[in-house]
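# Tertiary structure, described
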There are 2 protein chains.
Amino acid sequence: MLPESVKKYLDSHRDEHLAKLMELVRFPTIANSRPDACRACAEWLVAHLEGLGLTARLVESQGPPNVLARAHVDDDAPTLLVYGHYDVQPPEPLAEWHSDPFEPVVRQGHLVGRGASDDKGQLLAHLAAVEAWQRAGGGLPVNVKVMIEGEEEIGSPHMEPFLADHAEALAADAAVISDGEFFADGVPSITYSLRGLAYVEVLLRGPGADIHSGLHGGAVTNPINALAALVAAMHDEKGRVTIEGFYDDVLPLPQEEREAWRTLPADEAHYAASLGLTELGGGERGYSALERRWSRPTLDCNGVVGGYTGEGAKTIIPACASVKVSMRLVPAQDPARIVAAFKRFVKARTPPGITAEVKVNAEARPVLLGQQSPSMDAGRAALAEAFGRPAAMIRCGASVPITELIQRLLGLDAVLLGLGLPDDKVHSPNERFRLTQFYRGAVMSAAFMGNLREARQASG
Amino acid sequence: MLPESVKKYLDSHRDEHLAKLMELVRFPTIANSRPDACRACAEWLVAHLEGLGLTARLVESQGPPNVLARAHVDDDAPTLLVYGHYDVQPPEPLAEWHSDPFEPVVRQGHLVGRGASDDKGQLLAHLAAVEAWQRAGGGLPVNVKVMIEGEEEIGSPHMEPFLADHAEALAADAAVISDGEFFADGVPSITYSLRGLAYVEVLLRGPGADIHSGLHGGAVTNPINALAALVAAMHDEKGRVTIEGFYDDVLPLPQEEREAWRTLPADEAHYAASLGLTELGGGERGYSALERRWSRPTLDCNGVVGGYTGEGAKTIIPACASVKVSMRLVPAQDPARIVAAFKRFVKARTPPGITAEVKVNAEARPVLLGQQSPSMDAGRAALAEAFGRPAAMIRCGASVPITELIQRLLGLDAVLLGLGLPDDKVHSPNERFRLTQFYRGAVMSAAFMGNLREARQASG
């Protein structure tokens, strides 16, 4: 049980914690394009962590710097590694935001701003818990290590060597990541599997420059038409991906999991409506929407551009066209093998008169975590204490690459205590984080730390 | 034979005519987006025509204004209608230009700038001929009517009612249009058929906003993937367009034409190289590249856009995606029927979870002109006189919508005396017009006028 003093501290400091979160959201921390904002944000985090009594520092990387911090309490106490990321998705399309993505505002019980939920708010809930234990709980109940990165949204391209290099400094008994969401509003959840990612970009080149579509139409292969044919060929009529070997390593979905998922409060009509759709449509035959999102690999185009995209007509055959394609992978698919198969697919299907180039934007392995462990139990109890409901055990279709790296390189199955809600609009315009999730999330984190300590004492 | 005095005048005024052309190219006359520049250019043309002794005026239209001018010489003289257009293709992609598209420069015997060849240079060649006759030939040998429009590059959307309304004022014995090109460098040509156009735009909408491709990938139909499938389905494996009824009205290519084309100096390898290609590729099986460009209808995407098109990765399923599609039509296809069939095609193939919208950007009917007439003979002789070679009789894959309108509404088969060259890069970056084509084109136009008068006198 969480001490009353810690709980009270969190209750009475909500406004201060919200103000801190608003400061954090104001940094336009887009990993690819805003190195200045990323560095300033990382420095802000170092200062904030030092203010909480931790030893904190920037650690340079090839991209935006990482932040490492630690507080050592007691050699006998368990050590908890807290992970978060300060980078955010690009805010585009800007016209769809009702307020500036980087000038957070409170609206109808939510903080609205890019990164409010993913992942700045979820990260700060843990730091609020650290603060509460430090200032009102007689000190931290566990040794704490904090690792915050700035490239999660672009696939954590530098975290594998980073973890390998800092494995000793990051060694811990448990790890917690809040970078996800409840299954539904009012249904606290622990995520035990995440999909991986292979994100590629295909550029097809045809004529040396845009050429007149009347004079030349019929004589040359049109890069946009060729791209359409290529992308269309990536799925068959059953919604399956046709890339050779794509499904080779996919672990089948165990029947007991499939049945457990059927007990979850899933409503496809409501889900479709939440996405602005009258019907879901599409997808691989033979699986429910939930099964497709959680346990099946998929292939989606994320962006396409070629030729004339302004108003009205321009009669050209364009010189080139390109498409971004992300494949979500499930245990035990290997992104490197999938990328290689994708490249073979493109090469084999590049028509005469066209040259193709495939660029790899990101790779992340899928992960499957053990559901039975003292830290999982600590997480379940903490969610129940803060949110008053037992936790659902769920998977998630998204990728949090660090999870698999922590498992493989640090030997830890992290506890994934996502604090977001399905209608947080992460990666979309008007991203938001419900304030009660933020405040109760801090209580949950504080309880989790206490539970880890108690579990150690009980076993010791 | 053209009087020596007219020829001499043209030879000795080349610099002045070039300077005028440069003035004209400086107007960024993009019909859709630059109404200001279009109006200023039309006013410049009126002033220029009045300077040549013609009565000239602007005629307002729903788009940029038209320019009409006339010079009446003699009731017994034949009347020639000269057509040109002052609007140009948008200059994008700007980064590929080696100089400002609207700041013309002379480079290696060419004038480089948007519209230099298409169609400002070709139009001014005729006006230079008018000037030479007026100032050095004892007056015009024919009555001249000039019609210059400002929406040719967007499909002349308002010219059909304009011609219907002004049929009497535009009545003539012959019409000339120079808005095309030689078959090859050194091969003066008369074009007797042009393809028509049906230019549409398809917008597919999926989720209400861009959504997270990890969380939702597999559950919803992705608008880009759906667009790719839709576009890919528009061709079969033989390169034929699959839209139902697409070929219903196509006139077969007469065997004698096919054989005549085989005598033209066509070199596919050279043609491919001129487009920056190592091989042509693609296209409908069973036809040569020339046959496909001149006598077969085609379907090309001109632009596509959807989702995230910036640098690097953004993991979204986009809310929408759109493509511009132009179909080039051949005699006797009807653009309205083709557009209706296209809409049915899209409707029948819109997948669940997607809504589709089809917008029509432009329509133009194909045209087939008689090859035997006094004005065709006058054109052949004029080309021979100015360029020293007999004219090749060719078709063209592009559309000049006015040609069919002049045929249908004014009852005239225009003589298409294209002065461009195949490497003029019309509609592409670094468009150019060879100066010798400009200067000799003026001689050709002057000779054409003289020939028309002589033919009238001979027959009268």
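If you're wondering where the values come from, they're calculated on a predicted model, not measured in any experiment.

### Section: the overall build of chain A
Along its length, chain A carries 15 helices and 18 strands. For 460 residues, the compact-globule estimate of 2.2 N^0.38 gives 23 Å, and the C-alpha radius of gyration of chain A, at 23 Å, lies within 12% of that figure. Its C-alpha atoms put chain A at 80 × 50 × 45 Å along the principal axes. Of the contacts made within chain A by residues no fewer than 6 positions apart, 80% connect residues no fewer than 24 positions apart.

### Quick notes on the sheet that holds strand β4 (residues 105–107) of chain A
All names here are of chain A. As summarised here, the arrangement of the three strands in space is β4-β5-β18, forming an open sheet in which the pairing is antiparallel. Where the open sheet ends on each side, the last strands, each with one partner, are β4 and β18 (432–434). Direction aside, neighbouring strands of the sheet carry axes that sit 30° apart on average. In terms of strand pairing, strand β5 (residues 110–112) meets β18 through three bridges, oriented antiparallel.

### Details of the relation of the copies chain A and chain B
For these two chains of identical sequence, chain A goes onto chain B by a turn of 180° and a shift of 0.0 Å along the axis, with RMSD 0.1 Å. These values place the two chain copies in the arrangement generated by a two-fold rotation axis. The share of interface residues of chain A whose copies in chain B are also at the interface is 99%, consistent with both copies meeting through the same surface.

### A short note on the domain arrangement of chain A
Residue and element names in this part refer to chain A. The domain boundaries assigned to chain A delineate domain 1 (4–194 + 366–459) and domain 2 (197–250 + 297–361). Between the C-alpha centres of domain 1 and domain 2 the distance comes to 36 Å. Counting residues at the interface gives six residues for domain 1 and seven residues for domain 2. Here the side of domain 1 that touches domain 2 is built from residues that sort into two nonpolar, four polar and no charged.

### Re the interface of chain A and chain B
Counting residues at the interface gives 83 residues for chain A, matched by 82 residues for chain B. Within the residue set of the side of chain A that touches chain B, elements represented by two or more residues are β10 (211–212), α7 (213–216), α8 (223–232), α11 (289–295), β11 (298–307), β12 (316–317), β13 (320–329) and β14 (355–364) of chain A. Ranked by residue count, the leading element in the side of chain A that touches chain B is β11 of chain A, at nine residues. As paired elements, β11 of chain A and strand β11 (residues 298–307) of chain B share five bridges and run antiparallel to each other. Residue Gly307 of chain A lies in a different strand from β11 of chain B, and its bridge partner there is Gly303 of chain B.

### What about the nonpolar core?
Core analysis: the largest hydrophobic core is formed by 276 residues, its most contacted members being Ala175 and Ala446 of chain A together with Ala175 and Ala446 of chain B. If near-sequence neighbours (up to four positions away) are discounted, Ala175 of chain A is found in contact with Leu81, Tyr83, Ile406, Leu412, Ala414 and Val415 of chain A.

### Focus: helix α12 (residues 335–348) of chain B
Residue and element names in this part refer to chain B. An ideal rise of 1.5 Å per residue puts 20 Å on 14 residues; α12 measures up with 20 Å between its terminal C-alpha atoms. Burial in α12 covers these residues: Pro335, Ile338, Phe342, Phe345 and Val346. One side of α12 carries all its buried residues, which in axial view fall inside an arc of 95°. Exposed residues pointing more than 90 degrees away from the buried face of α12 are listed as Ala336, Lys347 and Ala348.

### Points about the packing of helix α4 (residues 116–136) of chain A against helix α15 (residues 435–459) of chain A
Residues and elements named next belong to chain A. Running from amino to carboxyl end, α4 crosses α15 at an angle of 55°, the nearest separation of the two axes being 8 Å. Judged on the interaxial angle alone, α15 and α4 are oblique. Handedness of the α4/α15 crossing: right-handed. On the side of α4, the interface is formed by Gly121, Gln122, Ala125, His126, Ala128, Ala129, Ala132 and Trp133, while α15 contributes Phe438, Gly441, Ala442, Ser445, Ala446 and Met449. The residue makeup of the contact of α4 with α15, split by class, is nine nonpolar, five polar and no charged.

### Remarks on helix α1 (residues 4–12) of chain A
All names here are of chain A. Buried residues of α1: Val6, Lys7, Tyr9 and Leu10, and no others. What you see down the axis of α1 is that its buried residues fit within an arc of 160°, all on one side. Seen from the buried face of α1, the exposed residues on the opposite side, beyond 90 degrees, are Glu4, Lys8, Asp11 and Ser12. Tucked into the core, α1 has its buried residues touching α4 and α15.

### Considering unusual backbone geometry
Between Glu92 of chain B and Pro93 of chain B the backbone carries a cis peptide bond, its omega angle lying at 0°. Its location among the elements puts Pro93 of chain B in the loop between β3 (79–85) and β4 (105–107). Phi is positive for Lys425 of chain A, close to 60°, though the residue is something other than glycine. Here Lys425 of chain A is to be found in the loop between β17 (415–416) and β18. You will see that Asn430 of chain B, though not glycine, has its phi angle at about 65°, which is positive. Mapping Asn430 of chain B onto the fold places it in the loop between β17 (415–416) and β18 (432–434). Since 19 C-beta atoms lie within 10 Å of it, Asn430 of chain B is described here as partly exposed.

### Structural notes on the sheet that holds β18 of chain B
Residue and element names in this part refer to chain B. With respect to topology, three strands assemble into an open sheet ordered β4-β5-β18, the strand pairing being antiparallel. Of all the strands in the sheet, the pair left with one neighbour each is β4 and β18. Pairwise comparison of adjacent strand axes, ignoring direction, gives a mean angle of 30° for this sheet. Against the sheet, helix α4 (residues 116–136) engages β5 (110–112) and β18, with an angle of about 45° to β18. Helix α15 (residues 435–459) rests against β5 and β18 of the sheet, and its axis sits at about 60° to β18.

### Observations concerning the environment of Gly441 of chain A
Residues and elements named next belong to chain A. Inspection of the secondary structure puts Gly441 in helix α15. You can call Gly441 buried: it has 29 C-beta atoms within 10 Å. Separated by 356 residues in sequence, Gly441 and His85 place their C-alpha atoms 17 Å apart. Each residue touching Gly441, except ones within four places of it in the same chain, is listed here: Gln122, Ala125, Ser178 and Leu419.

### Section: the packing of helix α1 (residues 4–12) of chain B against α15 of chain B
All names here are of chain B. Between α1 and α15, the least distance of the axes is 10 Å, while the angle of their chain directions is 155°. Taken together, the axes of α1 and α15 are roughly antiparallel relative to one another. Along this stretch, α1 crosses α15, giving a crossing that reads as right-handed. Packed against α1, whose contacting residues are Val6, Lys7 and Leu10, the element α15 presents Tyr439, Ala442, Val443 and Ala446 at the interface. For the contact of α1 with α15, a count of residues per class yields six nonpolar, no polar and one charged.

### Re the pairing of strand β2 (residues 66–71) of chain A
Side chains on a regular strand alternate between the two faces of the sheet. Residue and element names in this part refer to chain A. Along β2, five of the six residues are buried, which leaves the element largely enclosed by surrounding structure. Judged from the five bridges that link them, strand β1 (residues 55–59) and β2 form a sheet pairing that is antiparallel. Within β2, the residue paired with Thr55 across the bridge is Arg70. What sits between β1 and β2 in their antiparallel hairpin is a turn of six residues.

### Some remarks on the confidence of the model for chain A
When pLDDT is averaged across chain A, the result is 96; 100% of the residues are at 70 or more. For this predicted complex, the interface confidence comes out at an ipTM of 0.90, alongside a pTM of 0.89.

### Observations concerning the pairing of strand β3 (residues 79–85) of chain A
All names here are of chain A. Within β3, seven of the seven residues are buried, leaving the element largely enclosed by the surrounding structure. Here β3 shows a buried face lined by Thr79, Leu81, Tyr83 and His85 and a second buried face lined by Leu80, Val82 and Gly84. Of the strand pairs in this sheet, β3 and strand β6 (residues 143–149) are connected by seven bridges, and their pairing is parallel. Within β6, the position partnered with Leu81 by the bridge is Lys145. Alignment of β3 against strand β7 (residues 174–177), held across four bridges, turns out to be parallel. The residue bridging Tyr83 from the neighbouring strand is Ile177, located in β7.

Conventions we followed
Residues numbered from 1 in each chain as written. Chains lettered and ligands numbered in written order. Predicted model: local features only at pLDDT ≥ 70, side-chain atom pairs only at ≥ 80, totals over all residues. Helix = DSSP H or I, 4+ residues; strand = E, 2+ residues; numbered from the N terminus. Rg over C-alpha atoms; globule rule 2.2 N^0.38 Å. Contact = placed C-beta atoms within 7 Å. Pairing = 2+ DSSP bridges. Axes fitted to C-alpha atoms, helices over the stretch in contact; angles between N-to-C directions. Least-squares fit on C-alpha atoms with pLDDT ≥ 70 in both. Domains from an automatic or database assignment. Nonpolar A, V, L, I, M, F, W, Y, C, P; charged D, E, K, R; others polar. Core = buried A, V, L, I, M, F, W, Y, C linked by C-beta atoms within 7 Å. Buried ≥ 20, exposed ≤ 12 C-beta atoms within 10 Å, placed from the backbone. Expected span 1.5 Å × (residues − 1). Arc of directions from axis to C-beta. Parallel < 35°, antiparallel > 145°, perpendicular 65-115°, else oblique. Left-handed = near helix turned anticlockwise from the far one by under 90°. pLDDT = per-residue confidence, 0-100.

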